[in-house]
Amino acid sequence: ASIMATLNTTDGGNTWNNYNSFLIGTSNINGVEFESPSYVYLYGYSSFNNSTYRCIWKSPDRGQSWTFYTVGNSAIDSITSVSCIMFEDNLKGFAAKADSSLWMTADGGSSWAQIYKASSRIYSIINVENSNIIFCLGGKGLIAKINFEPTIVIKEKSEDINKVYFYGNFINENKGYLLEYYSSLDRFYTTFENVTGISEGEQMISSFTLSQNYPNP
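Thoughts on unusual backbone geometry
Then comes step 1: Pro-150 follows Glu-149 through a cis peptide bond whose omega is 0°.
Then comes step 2: With respect to the helices, strands and loops of the structure, Pro-150 is situated in the loop between strand E13 (142–147) and strand E14 (152–158).
Then comes step 3: Positive phi values are uncommon outside glycine, yet Ser-100 reaches one of about 75°.
Then comes step 4: Position of Ser-100 among the secondary structure elements: in the loop between strand E8 (93–97) and strand E9 (101–105).
Then comes step 5: Judged by its relative accessible area of 11%, Ser-100 falls in the buried class.
Then comes step 6: Not every positive phi belongs to a glycine, and Asn-130 is a case in point at roughly 60°.

What to know about the side chain of Ser-120
Then comes step 1: Relative to the helices and strands, Ser-120 resides in the loop between strand E10 (111–117) and strand E11 (122–127).
Then comes step 2: There is a polar contact of 2.4 Å between the side chain of Ser-120 and the backbone oxygen of Gly-139.
Then comes step 3: If sequence neighbours within four positions are ignored, Ser-120 has contacts with Ser-100, Gly-139, Lys-140 and Leu-142.

What about the pattern of salt bridges?
Oppositely charged side chains can form a pair if their charged atoms are brought close together.
Then comes step 1: Following the criterion strictly, the structure yields three salt bridges and no others.
Then comes step 2: Among the salt bridges present, the one from Lys-92 reaches Glu-149, with a minimum N-O distance of 2.2 Å. Of this pair, Lys-92 sits in the loop between strand E7 (82–87) and E8 while Glu-149 sits in the loop between E13 and E14, placing them 57 residues apart in sequence.
Then comes step 3: Overall, the relative accessible area of 32% leaves Glu-149 in the partly exposed class.

Rules and cut-offs
- Residues numbered from 1 in each chain as written.
- Predicted model: local features only at pLDDT ≥ 70, side-chain atom pairs only at ≥ 80, totals over all residues.
- Heavy atoms only, no water.
- Helix = DSSP H or I, 4+ residues; strand = E, 2+ residues; numbered from the N terminus.
- Buried < 20%, exposed > 50% of the residue type's maximum accessible area, 1.4 Å probe, protein only.
- Polar contact = N/O pair within 3.5 Å; in protein donor to acceptor, adjacent residues only side chain to side chain.
- Contact = heavy atoms within 4.5 Å.
- Salt bridge = Lys/Arg side-chain N within 4 Å of Asp/Glu carboxyl O.

Okay, structure coming up:
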């Protein structure tokens, strides 16, 4: 089994500290998200007690201590890997899983609620600054606009099935930039406007509940 280290620097990369020993079990990290200079989130999978868990880790102190969380409400939820995460602050965050589901937490990852099931896999979650809106980008031309407060409203648009959106950035809720990936392996940037026009497959959730995840060793 392989172990991937997490390194921390406080001087612009001149020196690095290895805090991997604070992670539980044999940990394989797929990505990292910084919510603030101190709060760090990782996602990947961890092996301990003869089991493998797809999960996230949270550190409030730049990696000197970590808390392990499964994205979901039961042990079976740990079977599905986490594709990407995005946190608005120390408490509110989102995680997309390989089964095209999107989950939301309001307590820093201790509990999660599924708020969306996309038509294809989500590869990126992008927030719009100073708003209650996020965008999910993914396979088969997936663009989903989600307003998560005061009620959850989801508008999904799937374009050319040969397109895969891996990343993007949004100036506001109506204008953004996408990184497209075609089946021909060509990559290029494109822009689009009037995102509010995406209305196919609109969903509205009037309420949701958060439940304690499992396991949380």
